[in-house]
Amino acid sequence: MQPETDPRPPDAAQAVETTDRVVIRFAGDSGDGIQIIGNQYTSATAVAGNDLATLPDFPAEIRAPAGTLPGVSGFQISFSSFDIHTPGDVPDVLVAMNPAALKTNIADLPAGGMLVVNTNAFEKGNLQKAGYEKNPLEDGSLANFRLFAIPITDLTRKALAEFDLSVKEKDRCKNFFALGMMFYLYQRPLDVTLRWIEEKFKKTPVLAEANRTALRGGFAYCDAAEIFPHVFRVKPAPFQEGTYRNIMGNSALALGLTAAARQAGLPVFLGSYPITPASTILHEMSAFKEHGVITFQAEDEIAAISSAIGASFAGAIGATSTSGPGLALKGEALGLAVMVELPLVVFDVQRGGPSTGLPTKTEQADLLQALFGRNSEAPIPVLAASTPGDCFETAFEATQIALRYMTPVLVLSDGYLASGAEPWRIPKASDLPAIPVRFVTDAKGGPFLPYLRDPETLARNWAVPGTADLEHRVGGLEKEDVTGNVSYDPINHEKMVKLRAEKVARIAQDFPPTAIDGPESGPLLIVGWGSTKGAIKGALRRLREQGREVSHVHLRHLNPLPRDLGEILHRFDRVLLPEMNLGQLAFVLRGRYLVDVISYAKVQGQPFRSSEIVARVRQLMG
Amino acid sequence: MPTTPVKAEPAVNAALTKKDFQSDQDVRWCPGCGDYAILNSVQGLFPKLGIPREKFVIVSGIGCSSRFPYYMNTYGFHSIHGRAPAIATGVKVMRPDLHVWVMTGDGDALSIGGNHLIHALRRNVGLKIVMFNNRIYGLTKGQYSPTSEVGKRTPSTPHGSVDHPFNPISLALGADATFVARSVDTYREHLTDVLEQAARHPGSAFVEIYQNCNIFNDHAFSYMTEKEIRDDNQVVLRPGKPLVFGAKMDRGIRRTAGGRGLEVVALGNGVAESDLLAHDAARDNPAFAFELSRMEPPAFPTPIGVFRSAPRESLESGIWAQVERAKAKAGAQPSLDALLTKAETWTVS
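As a convention, each chain's residues are numbered from 1 in the sequence order in which they are written. To read the labels, note that chains go from A and ligands from 1, taken in the order they are written. Totals for whole chains, interfaces and linings use all residues, but because this is a predicted model, local features are given only for residues with pLDDT of at least 70 and pairs of side-chain atoms are given and counted only at 80 or more.

**Thoughts on the overall build of chain B**
Counting its regular elements, chain B contains 11 helices and 12 strands. Projected onto the principal axes, the alpha-carbon positions of chain B cover approximately 95 × 50 × 45 Å. Comment: burial labels come from other C-beta atoms within 10 Å of the residue's own C-beta, placed from the backbone, where a count of 20 or more is buried, 12 or fewer is exposed, and between is partly exposed. Expressed as a percentage of its 349 residues, the buried residues of chain B come to 45%. Expressed as a percentage of contacts within chain B between residues at least 6 apart in sequence, the contacts between residues at least 24 apart total 67%. Only DSSP runs of H or I with at least four residues qualify as helices, and only runs of E with at least two residues qualify as strands; both kinds are numbered from the N terminus onward. Placing C-beta atoms from the backbone, we regard two residues as in contact once those atoms come within 7 Å.

What follows is the structure, encoded as structure tokens:
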């Protein structure tokens, strides 16, 4: 009897313990398929009704030498029966598929934590590559942990004895055996993964069946052999009514942009050049062809944004996706988009820098580049997404702003949001606002005035090529107010510089009042932006449990800043700002509001842990 | 639906004249600049194409030639240095019904924008790329360009340039351009004819125009354009016709005996026109056109005319065909809800 849809109830002998939060970390060689099983665990956990957050952590090299420390790939998932915000500070369970994975991760496992290792991988060569002189499974160094030493490779081979596959092919299924074990431990359903395997290997049915067998094998082995003293139940988290899916940040950006274009009735054009960690935005949108989405893999970053500007000139919503080094290359074209005042959406999925930096690691250090990284006075609205699901809303709002104000808009995400996942309540198209777009189609007898502005938004007139009698020229040279003709007049130039600044500043008129989580005034306000939200929320929960009065404001709008922000900052005795850079937003807020913002900088390529923020607050408040 | 391209419309506005294409802006090139002649040719050609005025888009980069859009009463985009082919690609892909021209120079197209040029050509985007080659940087006051000859003395090369120049025609052919031609600013009739062929070519068309900068590089092309000597120094490429040239049309281009190269021969004394190389721009293999492009003075007359005209599917056509296939496969354009829920979903009630 194999578990097909739901795990069968454990044997009576198997005690069931209920817990409300679990953190599992899978770690292995980058060729071991760790990201695959991490994602499968995520899907199954979502379907089980838990709230969850994930943190994939993989090397920049596609295949670092097998078995080495730089080649270790990790995936951490946290899931719970309550609302959670982070993938967890420390794991409850560490699954180490080889010695290198053990070596690089064991320091994070607290005493008493569960440690599952694949003993077959602990042979001389691998131990040497990981820098172990003695086998840690035998020298007592793991005595503080609950060690489950399992010959996962051997067991997988046994489970696949009947299959006409090479040993190498069989061994590649061992990740699914390990996944089956973890499914058993926390009573996850198998059906989502079984379906995924079916689809993934549909061209090679024998591999599909082998992986399914390995998955079921891992599950059944734990059941039959009672490997774990008890299994765990994590009750579903309370979710708002609705239909849900798991979503990663880059998918949400792609969907948010596409949804906004649909709501505006405009075609969307994504010009992009592959760059980690933004590439999957291009991948996703390339598969939206039946929705009329046009994607263009350009020859370089500059062509990517330039083609998008051309598409906007032609009446589409042009967009481009990149990461920090690519944004640097796009600077001049962004200035052009400011000058010609066309709608444009730019996604910057930030990574560690400068230069090539840490391509697969996360950082928030492009903020000042986003705000100021262009020649002259070139204001651009900047929005930051705070969770994978929030990437949808942020991309949607960015497109709204781009069209309403006729301006390029920059959206900041980061590597952590890009590949991190969370359950996302899928909005209904009918609940999304329509986005009005007003093309000028008639000159009404007079000459067409491309730089005549809407009195409320200061957006200029938009007429697209193909419209009779509205022929006009735009370009990077300074424009005469109203007519858009080239002008070198000094007074006109200053007027236009101020008009462009005022237009962007006015976007703040559409923002809702800034939400404050906690008291409206008091001893401490934590200000955050972007992906630090989860860690800050987790810290707030703990600080409040300890009876501390702390408030939190999380900013999506970084330019323009909300109009009520200055007044809010002044209501608190102290303002703490954690960010994954050397204090860039703190620098902006100090300059803008003359508030003595305390910067808490972390630039390690890794997101903040809630415990770090808790510790910093306790240090501050005494 | 706005998500499908507007199909090309039949010409309706046959009554357009040159004046309809002149904008109200003062033309600000130096007096005597070759750009005036090119502007004249283009303004004369466009009304003859039978295309409504609003369907023209002229995109340019930076440089003297790139002021062109301001002087044409069409849609226009004066962009940033070198990027015009990339911007124009976005326009053409989204709106295949528009007639998109890129006006550029040797610095804009071959130096800072070289990458975009070759990729637009290899993709065969339906752009008409007109490159004004004056072999100098004009707008920045006279530095040498990627087409300047070795030894050229300019403000940035006081000892003479040591850079080997590009041959723009060879470059375009190397990038697999489907239409490649050359003309001269002052050859009104020839230039207009070449531009008209470019306009009617369905994919990328690259036209190099020898253009005289009378301020910084005067007489750059006099060796072949001066009335008294030009027929001896240029050969006009005519489809299907042997390569004959000379004031008396008494010389021609022949393949050498071993077949490895080309040579100039005098007609007569046993050499007939039938012994000469006949021009064929339609060959699929660009090697023949490339060979012609290598004919340079002093050993050879300079070829002008269409080197290559061999259509293949354009980028925009390929892109929209995929969209149409995807829509057909889906039955109709799926709803936004269908897109958002295209994943493993679960419901909480």
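Still more to cover.
**Thoughts on the overall build of chain A**
Across its full length, chain A carries 21 helices and 22 strands. Over its C-alpha atoms chain A spans a radius of gyration of 27 Å, differing by no more than 12% from the 25 Å that the globule rule assigns to 622 residues. In terms of its C-alpha atoms, chain A occupies a principal-axis envelope of roughly 85 × 60 × 45 Å. Evaluated residue by residue, chain A yields a buried proportion of 55% over its 622 residues. A fraction of 77% describes how many contacts in chain A between residues 6 or more apart in sequence connect residues 24 or more apart. In this description the radius of gyration comes from C-alpha coordinates, and the expected globular size is given by 2.2 Å times residues to the power 0.38.

**A short note on the sheet that holds strand β3 (residues 99–105) of chain B**
Pairing in this open sheet of nine strands is mixed, and the strands run β17(A)-β2(B)-β1(B)-β3(B)-β4(B)-β6(B)-β5(B)-β11(B)-β7(B) from one edge to the other. With partners counted over all chains shown, the strands left at the sheet margins are β17 (473–475) of chain A together with β7 (234–236) of chain B, one partner each. The sheet shows a mean angle of 20° between the axes of neighbouring strands, taken without regard to direction. One ladder, built from five bridges, connects strand β1 (residues 56–60) of chain B with β3 of chain B; its direction is parallel. Pairing between strands requires that DSSP locate at least two bridges from one strand to the other. The axes used here are C-alpha line fits, helices contributing only the stretch in contact, and every angle between their N-to-C directions lies in the interval 0 to 180 degrees.

**What to know about the interface of chain A and chain B**
Each partner contributes to the interface: chain A provides 60 residues, whereas chain B provides 54 residues. For the side of chain A that touches chain B, the secondary structure elements donating two or more residues are α1 (34–47), β9 (242–248), α9 (249–264), β10 (268–272), β11 (293–297), α11 (301–313), α13 (331–340) and β17 of chain A. The element best represented in the side of chain A that touches chain B is α11 of chain A, accounting for nine residues. Of the residues in the side of chain A that touches chain B, the class split is 32 nonpolar, 17 polar and 11 charged. With three bridges connecting them, β17 of chain A and strand β2 (residues 75–78) of chain B associate as parallel partners. Looking across to β2 of chain B, one finds that valine 474 of chain A is bridged to phenylalanine 77 of chain B. Amino acids outside the nonpolar list (Ala, Val, Leu, Ile, Met, Phe, Trp, Tyr, Cys, Pro) and the charged list (Asp, Glu, Lys, Arg) are all regarded as polar, and Gly is one of them.

**Description of the packing of α1 of chain A against helix α7 (residues 191–200) of chain A**
Residue and element names in this part refer to chain A. Close contact between α1 and α7 brings their axes to 8 Å; oriented N to C, the two are set at 135°. Here α1 is positioned oblique relative to α7, judged by the angle of their axes. Between α1 and α7 lies a crossing whose hand is right-handed. When α1 is examined against α7, the residues Gln40, Ser43, Ala44 and Val47 are found in contact with a partner set consisting of Val192, Thr193 and Trp196. Classifying every residue of the contact of α1 with α7 gives four nonpolar, three polar and no charged. We call two directions roughly parallel when the angle between them is under 35 degrees, roughly antiparallel when it is over 145, roughly perpendicular when it lies between 65 and 115, and oblique otherwise. Crossing chirality is assigned from the near helix's rotation relative to the far helix, an anticlockwise turn below a right angle marking it left-handed and a clockwise turn marking it right-handed.

**Digging into α13 of chain A**
Residue and element names in this part refer to chain A. Counting buried residues in α13 gives eight out of 10 residues, a clear majority hidden from the surface. Of the positions making up α13, those classed as buried are Ala333, Leu334, Gly335, Leu336, Ala337, Val338, Met339 and Val340. Summarising the contacts, the buried residues of α13 are in contact with α11, β13 (344–350), β15 (408–414), β17 and α17 (490–506). Of the residues trailing α13, glutamate 341 is marked for its positive phi of about 50°.

**Quick look at the pairing of strand β6 (residues 114–118) of chain A**
All names here are of chain A. Among the five residues in β6, four count as buried, and that is most of the element. Judged from the four bridges that link them, strand β5 (residues 93–96) and β6 form a sheet pairing that is parallel. Bridge pairing links valine 95 to valine 116 in β6. Each parallel crossover has a hand, and for β5 linked through helix α2 (residues 99–105) to β6 it is right-handed. Place the viewer so that the strands point away; then a crossover is right-handed whenever the path from the first strand over the helix to the second strand goes clockwise.

**A few points about helix α6 (residues 188–200) of chain B**
Residue and element names in this part refer to chain B. Between the first and last C-alpha of α6 there are 18 Å, a value that for 13 residues agrees with the 18 Å anticipated at 1.5 Å per step. Regarding α6, the residues found buried are Leu191, Val194, Leu195 and Ala198. The arc that holds the buried residues of α6, viewed along the axis, is 95°, so those residues lie on one side. Turned more than 90 degrees off the buried face of α6, the exposed positions are Glu189 and Arg200. Structurally, α6 contributes buried residues whose contacts are with α1 (35–45), β4 (127–133), β5 (179–184), β6 (205–210) and β11 (302–309). Each helix should span, by expectation, one fewer than its residue count multiplied by 1.5 Å. By definition, the arc is the one covered by directions from the helix axis to the C-beta atoms.

**Looking at the sheet that holds strand β16 (residues 421–425) of chain A**
The strand order across the open sheet built from three strands is β16(A)-β9(A)-β12(B), with neighbouring strands paired in antiparallel fashion. Every interior strand has two partners, whereas the edge strands, β16 of chain A together with β12 (345–348) of chain B, have only one. Averaged over all pairs of adjacent strands, the angle between their axes in this sheet comes to 35°, without regard to strand direction. Note: β9 of chain A against β16 of chain A, five bridges, orientation antiparallel. In the sheet register, arginine 245 of chain A faces β16 of chain A, and the bridge partner there is tryptophan 424 of chain A. Against the sheet, α1 of chain A engages β9 and β16 of chain A together with β12 of chain B, with an angle of about 165° to β9 of chain A. Against the sheet, α9 of chain A engages β9 and β16 of chain A, with an angle of about 120° to β9 of chain A.

**What about the packing of α9 of chain A against helix α15 (residues 390–405) of chain A?**
Residues and elements named next belong to chain A. Across the interface, α9 lies against α15 with an axial gap of 7 Å and an inter-helix angle of 40°. Handedness of the α9/α15 crossing: right-handed. When α9 is examined against α15, the residues Gly249, Ala252, Leu253, Leu255, Gly256, Leu257, Ala259, Ala260, Ala261 and Ala264 are found in contact with a partner set consisting of Cys391, Phe392, Glu393, Thr394, Ala395, Phe396, Thr399, Gln400 and Leu403. Looking at side-chain class alone, the contact of α9 with α15 contains 13 nonpolar, five polar and one charged residues.

**Quick word on the domain arrangement of chain A**
Residue and element names in this part refer to chain A. Residue ranges assigned to each domain were obtained from an automatic or database domain assignment. According to the domain assignment, chain A contains domain 1 (15–233), domain 2 (245–431) and domain 3 (522–621). A separation of 26 Å is found between the C-alpha centroids of domain 2 and domain 3. Domain 2 puts 23 residues into the contact, and the matching count from domain 3 is 21 residues. Of all the secondary structure elements, the ones that give two or more residues to the side of domain 2 that touches domain 3 are α14 (367–372), β14 (382–384), β15 and α16 (415–419). Residue classes in the side of domain 2 that touches domain 3 are distributed as 14 nonpolar, six polar and three charged.

**Comments concerning the confidence of the model for chain B**
Residue and element names in this part refer to chain B. pLDDT is defined as a per-residue confidence score from the predictor, taking values between 0 and 100. Mean pLDDT for chain B: 94, with 96% of residues reaching 70 or above. In the model, residues 1–8 has pLDDT below 50 throughout and makes 14 contacts with residues more than four positions away in sequence or in other chains. Interface confidence for the predicted complex, given as ipTM, is 0.95, next to a pTM of 0.93.

**Some details on the nonpolar core**
Each nonpolar core consists of buried Ala, Val, Leu, Ile, Met, Phe, Trp, Tyr and Cys residues. Their C-beta atoms, within 7 Å, join them into a set. Grouped together as the largest cluster of nonpolar side chains are 258 residues, with contacts concentrated most on Val95, Phe269, Val345 and Val411 of chain A. In this view, phenylalanine 269 of chain A contacts Ile294, Phe296, Ala308, Ala311, Ala316, Gly318 and Ala319 of chain A together with Gly90, Val93 and Met94 of chain B; residues no more than four positions away in its chain are not counted. One finds Cys33, Ile136, Cys213 and Phe216 of chain B within the second-largest nonpolar core, a separate group that totals six residues.

**Describing unusual backbone geometry**
Here the amide bond leading from asparagine 559 of chain A into proline 560 of chain A is cis, since omega sits at -10°, within 30 degrees of zero. Proline 298 of chain B follows proline 297 of chain B through a cis peptide bond whose omega is 5°. Looking at where proline 298 of chain B falls in the secondary structure, it is placed in the loop between α9 (287–293) and β11. A positive phi is found at serine 376 of chain A, a non-glycine position, where the angle reads about 60°. Mapped onto the elements of the fold, serine 376 of chain A is located in the loop between α14 and β14. The exposed category is assigned to serine 376 of chain A, around which 8 C-beta atoms lie within 10 Å. Although it is not a glycine, aspartate 469 of chain A adopts a positive phi angle of roughly 70°. Looking at aspartate 469 of chain A, the number of C-beta atoms within 10 Å reads 14, which means it is partly exposed.

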